[in-house]
Amino acid sequence: MAKPIPNYFKMAQLWAKDRGTGNHAETAKEKRARYGTSTTIDGIDLMVSQNEVSLENFEVEESDQMRATEVMEKCFMKISGAEIYAALEVLDLEPTLVTDAYIFLMDNAKYKDMFFGCPVSGRKDLLLKLMFKSKN
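What comes next is a walk through the structure. (Residues numbered from 1 in each chain as written. Predicted model: local features only at pLDDT ≥ 70, side-chain atom pairs only at ≥ 80, totals over all residues. Heavy atoms only, no water.)

1. Description of the overall build of the protein
In plain terms, the rule: Helix numbering and strand numbering both begin at the N terminus, where a helix is a DSSP run of H or I of at least 4 residues and a strand a DSSP run of E of at least 2. Here the term buried applies to any residue with accessible area under 20% of the maximum for its type, exposed to any over 50%, and partly exposed to those in between, with areas from a 1.4 Å probe on protein chains only. Should any heavy atoms of two residues lie within 4.5 Å, those residues are counted as being in contact. The protein chains shown are the only cover counted for residues, whose accessible areas, like all others here, come from Shrake-Rupley with a 1.4 Å probe.
Along its length, the protein carries eight helices and zero strands. Counting every position in the protein, which comprises 136 residues, the buried fraction comes to 18%. The long-range fraction of contacts in the protein, counting pairs at least 24 apart against all pairs at least 6 apart in sequence, stands at 40%. For the protein, the computed accessible surface area is about 11,400 Å², with 57% contributed by carbon and sulfur atoms.

If you want it as structure tokens, here you go:
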């Protein structure tokens, strides 16, 4: 039975063939330059997946932090009943259908998200399909 070697894969990365002179050879200066240009989310994800960096103590520029906060707020924003009713009035529905649609959207958070995620031009059609689907 073979005994596992602790940190084998980390050691293989350090001392594997061609690390010093081959395709993967890279000086500290070259690595710092690559890290400096890899501040996109995809670049950071790639470096983390290759165990080249850790996200602990990772500094984010203030503009990126503000953008991330805005995106999070948008994702988790609460839509009030007044906003739902106002969006339904724009759709040119019959008055009784507006009330039914309002109750429908207030009761179904998933459908409410779908409704507000849809472009305004397609909301009426989407709403009628969702309401008809739920009745059947």
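2. Details of helix H8 (residues 120–135)
In an α-helix, one full turn covers 3.6 residues, which means residues spaced three or four apart are oriented alike. Quick note on the threshold: The length a helix should cover is 1.5 Å for every residue beyond the first.
The first and last C-alpha atoms of H8 sit 23 Å apart over 16 residues, in line with the 22 Å expected at 1.5 Å per residue. What H8 keeps buried is the set Arg 123, Leu 126, Leu 127, Leu 130 and Met 131. Contact partners of the buried residues in H8: helix H5 (81–89), helix H6 (95–107) and helix H7 (109–117).

3. Let's talk about the nonpolar core
Under the convention used in this document: Residues grouped as a nonpolar core are buried Ala, Val, Leu, Ile, Met, Phe, Trp, Tyr and Cys residues, joined through side-chain atoms within 4.5 Å.
Among the nonpolar cores identified, the biggest contains 17 residues, and Leu 88, Leu 91, Leu 93, Phe 104, Leu 105, Phe 115 and Leu 127 are the most heavily contacted of them. Excluding its chain neighbours within four sequence positions, the residues that come into contact with Phe 115 are Ala 87, Leu 88, Leu 91, Leu 105, Arg 123, Leu 126 and Leu 127.

4. With respect to a nonpolar patch on the surface
How we decide: Here, patches come from residues exposed beyond 30% relative accessible area and free of salt bridges, joined within 9 Å for like charges and within 5 Å for nonpolar side chains (Val, Leu, Ile, Met, Phe, Trp, Tyr). The rule for a salt bridge is simple: a side-chain nitrogen of Lys or Arg has to be within 4 Å of a carboxyl oxygen of Asp or Glu.
A surface patch of nonpolar side chains, amounting to about 760 Å² of accessible area, comprises Ile 5, Tyr 8, Phe 9, Met 11, Leu 14 and Trp 15. Along the polypeptide, Met 11 turns up in helix H1 (residues 8–15). Owing to a relative accessible area of 33%, Met 11 belongs among the partly exposed residues under this scheme.

5. Some details on the packing of H5 against H7
Which entries qualify depends on this criterion: Note on geometry: axes are lines fitted to C-alpha atoms, helical ones only across the stretch in contact, with angles between N-to-C directions running from 0 to 180 degrees. Here the angle decides the label: under 35 degrees means roughly parallel, over 145 means roughly antiparallel, 65 to 115 means roughly perpendicular, and every other value means oblique. Should the near helix be turned anticlockwise from the far one by less than a right angle, the crossing is left-handed, and should it be turned clockwise, the crossing is right-handed. Side-chain classes are defined by residue name, with Ala, Val, Leu, Ile, Met, Phe, Trp, Tyr, Cys and Pro counting as nonpolar, Asp, Glu, Lys and Arg as charged, and the others, Gly among them, as polar.
Between H5 and H7, the least distance of the axes is 12 Å, while the angle of their chain directions is 50°. The orientation of H5 relative to H7 falls into the category oblique. Like other packed secondary-structure pairs, H5 and H7 cross with a definite hand, here left-handed. Seen from H5, the contacting residues are Glu 83, Ile 84, Ala 87 and Leu 88; seen from H7, they are Lys 112, Phe 115 and Phe 116. Here the residues of the contact of H5 with H7 sort into five nonpolar, no polar and two charged.

6. As for the pattern of salt bridges
Per the stated rule, a full pass over the model turns up one salt bridge. Two residues, Lys 129 and Asp 125, come together in a salt bridge whose shortest N-O distance is 3.3 Å. Here Lys 129 and its partner Asp 125 are both found in helix H8, four residues apart, which amounts to about one turn of the helix. Classification of Lys 129 as exposed rests on a relative accessible area of 55%. Overall, the relative accessible area of 46% leaves Asp 125 in the partly exposed class.

7. Some points on the side chain of Lys 112
Stated precisely, the cut-off is as follows: Counted charges follow a simple rule, with Lys and Arg positive, Asp and Glu negative, and His plus the chain ends left uncounted.
By the element assignment, Lys 112 lies in helix H7. Asp 113 provides the closest opposite charge to the buried, unpaired Lys 112, separated from it by 5.9 Å. Those residues in contact with Lys 112 that lie beyond four places of it in its chain are Ile 79, Ile 84 and Leu 105.

8. Points about the environment of Met 114
Within the secondary structure layout, Met 114 lies in helix H7. Counting along the chain gives 16 residues from Met 114 to Leu 130, while the straight-line C-alpha distance between them is 9.5 Å. If we ignore the near neighbours within four places in the chain, the residues touching Met 114 are Leu 126 and Leu 130.

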